[in-house]
Amino acid sequence: ARANDRMLDCFVYTTQVSEGISAQLALMADVTKGIERGEFQMHYQPKIELKTGRVFGAEALIRWHHPTRGWVRPDEFIPNAEHSTLILKISEFVLREVIQQIHQWQQQQFQLQIAINISAHDLLQPGFSDLLLNLLNEYNVANEAIELEITEGSLIDDLDQVINELLKLTEANVSVSIDDFGTGYSSLQYLYRLPISLLKVDQVFVKGLPADEDASHIAKAAVVLAQKLGITSLAEGIETQECLDYLGQIGCDYGQGYLFSKPLSADDFVAWYTSYEPIFSAPPREG
Ligand code: C2E
Ligand code: MG
Ligand code: MG
Ligand code: MG
């Protein structure tokens, strides 16, 4: 009977896994259709300078309103898309959408640097940097107006190609950040080899601050590492004033999180920005 139970467990498990896989396949098949049907849109979350409380930019984050599933979170489709050329379709949509938005905001005298998330896999496509530079040109947007956030959601074997594409972009004054620092496959190698100007400390090391001692050691080390490398640091996922104050004390340059604002639609973001009163971090303690 026990062997039978185990077989049954195994059967249930296998069925669940394959249901999971076919659900993912169905979802992936819907991405292309979804882009054509206009189901995707970008939301924007402010990036704050911690010393002054001023907004210095925003991060563009994709949102998908699926016809039958409702809102689908990027974590549910980006990682799988990264394993195929689908990620290129998504990134192409994102680049055009954001650059078009910056162009529209420029016409309204609203100028902020906007960060776009891309996968390191995008950079393995030889034409990627040209696509981006051409779009900036097409919409008459300055290269300095955007920033790229790179994550390493899956392992990259041809880092040289990634570096070549990135160098083309940084030479054209597009700045590059490393996202989710501390959680990826090769964060330190990226930091060492890629032309990066901002290090984004992953929210897993930020959420529990200041109480979580281990997280605080890692956050502090990441901020110092950035300083030593001559680049700036940003903490993701700031939800409380105590967390913000602590980050100010350890010398973190920038921050993002629900304490300031959740990601908002373009119109809501402008409305938020217009009425924003700076939230400062407490000045560093003496000694
Ligand atoms: P990410 O780039 O690290 O973005 C930060 C994520 O943390 C966002 O989730 C954001 O909504 C969330 N977040 C921001 N502040 C807080 C906070 O205070 N507390 C908590 N709990 N969460 C916070 P989101 O929008 O669901 O995106 C998840 C990930 O999906 C992103 O992580 C990024 O890696 C990827 N992604 C999102 N948009 C795009 C895109 O357009 N292209 C690509 N390639 N990836 C994207
Ligand atoms: Mg990001
Ligand atoms: Mg991140
Ligand atoms: Mg992330």
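Each chain has its residues counted from 1, following the order in which its sequence is written. Just so you know, chain letters begin at A and ligand numbers begin at 1, following the order they were written in. Given that this is a predicted model, residues contribute local features only at a pLDDT of at least 70 and side-chain atom pairs are listed and counted only at 80 or more, while totals for whole chains, interfaces and linings are drawn from all residues. Hydrogens and water molecules were not included; the side-chain quantities draw on all heavy atoms of the structure.

Asks: Any details on the overall build of the protein chain? Residues and values, ideally.
Replies: Secondary structure assignment for the protein chain yields nine helices and 10 strands. The atom set for the radius of gyration is the C-alpha atoms, and the globule formula is 2.2 Å times the number of residues raised to the power 0.38. In terms of C-alpha radius of gyration, the protein chain reaches 21 Å, essentially the compact-globule figure of 19 Å for 287 residues. Along the longest, intermediate and shortest principal axes, the C-alpha atoms of the protein chain span 70 × 50 × 40 Å. Working definition: with a 1.4 Å probe on protein chains only, accessible area under 20% of the residue-type maximum means buried, over 50% means exposed, and in between means partly exposed. Here the protein chain holds 287 residues, and 47% of them are scored as buried. Here the open area of atoms and residues is found with the Shrake-Rupley method and a 1.4 Å probe, where only the protein chains shown may cover a residue. Carbon and sulfur atoms make up 52% of the accessible area of the protein chain, which amounts to about 14,800 Å² in all. In the protein chain, 20 positive and 40 negative side-chain charges are present, and the distance between their average locations comes to 3 Å. Numbering of helices and strands runs from the N terminus, with a helix taken as a DSSP run of H or I at least four residues long and a strand as a DSSP run of E at least two residues long. Positive residues here are Lys and Arg, negative ones are Asp and Glu, while His and the chain termini are left out of the count. In this description, the location of a charge corresponds to atom NZ of lysine, CZ of arginine, CG of aspartate or CD of glutamate.

Asks: Tell me about the packing of helix α3 (residues 86-107) against helix α4 (residues 128-138), residues and numbers included.
Replies: Every axis corresponds to a line fitted to the C-alpha atoms, with the helix fit spanning only the stretch in contact, and the corresponding angles, defined between N-to-C directions, vary from 0 to 180 degrees. With their axes 10 Å apart at the nearest point, α3 and α4 run at an angle of 25 degrees to one another. Looking at the two axes, α3 sits roughly parallel to α4. Where α3 crosses over α4, the two elements pack in a sense that is right-handed. Residues Ser91, Glu92, Leu95, Arg96 and Ile99 of α3 form the contact with α4, whose own contacting residues are Phe128, Leu131, Leu132, Leu135, Leu136 and Glu138. Classification convention: Asp, Glu, Lys, Arg as charged; Ala, Val, Leu, Ile, Met, Phe, Trp, Tyr, Cys, Pro as nonpolar; all other residues, Gly among them, as polar. The residue makeup of the contact of α3 with α4, split by class, is seven nonpolar, one polar and three charged. In what follows, roughly perpendicular refers to angles from 65 to 115 degrees, roughly parallel to angles under 35, roughly antiparallel to angles over 145, and oblique to any angle outside these ranges. The crossing is said to be left-handed when, going from far helix to near helix, the turn is anticlockwise and less than a right angle, and right-handed when the turn is clockwise. Contacts between residues were defined by any pair of non-hydrogen atoms, one from each residue, lying within 4.5 Å.

Asks: With reference to specific residues and values, describe the coordination of the magnesium ion (ligand 3).
Replies: With distances of 2.0 to 2.5 Å, the protein atoms coordinating the magnesium ion (ligand 3) are Asp179 (OD), Asp180 (OD), Glu236 (OE) and Glu236 (OE). For Na, K and Ca the donor cutoff is 3.2 Å, while for all other metals N, O and S atoms count as donors only within 2.8 Å; water does not appear among the atoms, so some sites may look incomplete. All donors of the magnesium ion (ligand 3) belong to a single chain; written as a sequence motif, their spacing is D-D-x55-E. The metal-metal distance between the magnesium ion (ligand 3) and the magnesium ion (ligand 2) comes to 4.1 Å, with Asp179 coordinating both. Residue Asp179 is classed as buried on the basis of its relative accessible area of 4%. Exposure remark for Asp180: the relative accessible area of 23% places this residue in the partly exposed category.

Asks: Lay out the side chain of Ser281 with the relevant residues and their values.
Replies: In this fold, Ser281 is placed in the segment after α9 (266-275). The class for Ser281 is buried, based on a relative accessible area of 10%. Not counting the four nearest positions on each side in its chain, Ser281 is found in contact with Leu50, Leu244, Asp245 and Gly248.

Asks: Go over the nonpolar core, please, and point to the residues and values.
Replies: The term nonpolar core refers to a set of buried residues drawn from Ala, Val, Leu, Ile, Met, Phe, Trp, Tyr and Cys, joined through side-chain atoms within 4.5 Å. Judged by nonpolar contacts, the single largest core of 82 residues is most densely connected at Tyr44, Phe77, Val98, Ile114, Leu199, Ile238 and Leu247. When residues of this core are assigned to their parent elements, the largest contribution, 11 residues, is made by α3. Ignoring anything within four residues of it in the chain, the contact list for Val98 reads Met42, Tyr44, Ala60, Ile114 and Ile116.

Asks: Hey, could you go over the pattern of salt bridges for me, with residue numbers and the actual values?
Replies: Salt bridges are counted wherever a side-chain nitrogen of Lys or Arg sits within 4 Å of a carboxyl oxygen of Asp or Glu. Tallied over the full model, the rule gives 12 salt bridges. Ionic pairing is found between Arg96 and Glu138, a salt bridge with its closest N-O pair at 3.3 Å. Of the two residues, Arg96 is situated in helix α3 and Glu138 in helix α4; the sequence distance between them amounts to 42 residues. Notably, a salt bridge pairs Glu149 with Lys200, separated by 2.7 Å at the nearest N-O pair. Taken together, the residues Glu149 in strand β5 (residues 146-151) and Lys200 in strand β7 (residues 198-201) connect sequence positions 51 residues apart. The exposure classification of Glu149 matches that of Lys200, with both residues buried. When salt bridges with common partners are traced through the structure, they connect Lys47, Glu59, Glu147, Glu149, Lys200 and Glu236 into a single cluster.

Asks: Tell me what's going on with the coordination of the magnesium ion (ligand 2), and back it up with residues and numbers.
Replies: Every protein donor of the magnesium ion (ligand 2) is listed here as Glu59 (OE), Asn117 (OD1), Glu149 (OE) and Asp179 (OD), and their distances to the metal cover 2.0 to 2.2 Å. Sequence positions of the donors to the magnesium ion (ligand 2) reduce to the motif E-x57-N-x31-E-x29-D. Under the relative-accessibility criterion, Asn117 is labelled partly exposed at 25%.

Asks: Could you give an account of the site of ligand 1, with specific residues and numbers?
Replies: Taken together, 22 residues lie near ligand 1, and Arg63, Asp179, Gln203, Glu239 and Tyr258 sit nearest. A distance of 3.0 Å is found between an oxygen atom of ligand 1 and a side-chain nitrogen or oxygen belonging to Glu59. Any pair of N or O atoms that falls within 3.5 Å is considered a polar contact. Within protein, one atom must be able to donate a hydrogen and the other to accept it, and sequence-neighbouring residues count only if both atoms are side-chain atoms. Between ligand 1 and the protein, one listed contact pairs an oxygen atom with a side-chain N or O atom of Asp179 at 2.8 Å. The fraction of the free accessible surface of ligand 1 (800 Å²) that becomes covered by protein chains is 88%. Definitions used for this entry: grid spacing 1 Å over protein atoms alone; cavity, a set of points where a 1.4 Å probe fits but cannot get out; pocket, an open set with protein on both sides within 12 Å along at least 5 of 7 lines; lining residue, one with an atom within 4 Å of a point. The rule for placing a molecule in a cavity or pocket is simple: more than half of its atoms must lie within 2 Å of the grid points. If you map ligand 1 onto the pockets, it falls in the largest pocket. Ranked by the residues each element gives to the shell around ligand 1, the list is headed by strand β2 (residues 55-66), at four residues. Considering only residue class, the shell around ligand 1 consists of nine nonpolar, five polar and eight charged. To be near a molecule or strand, a residue needs just one of its heavy atoms within 4 Å of it.

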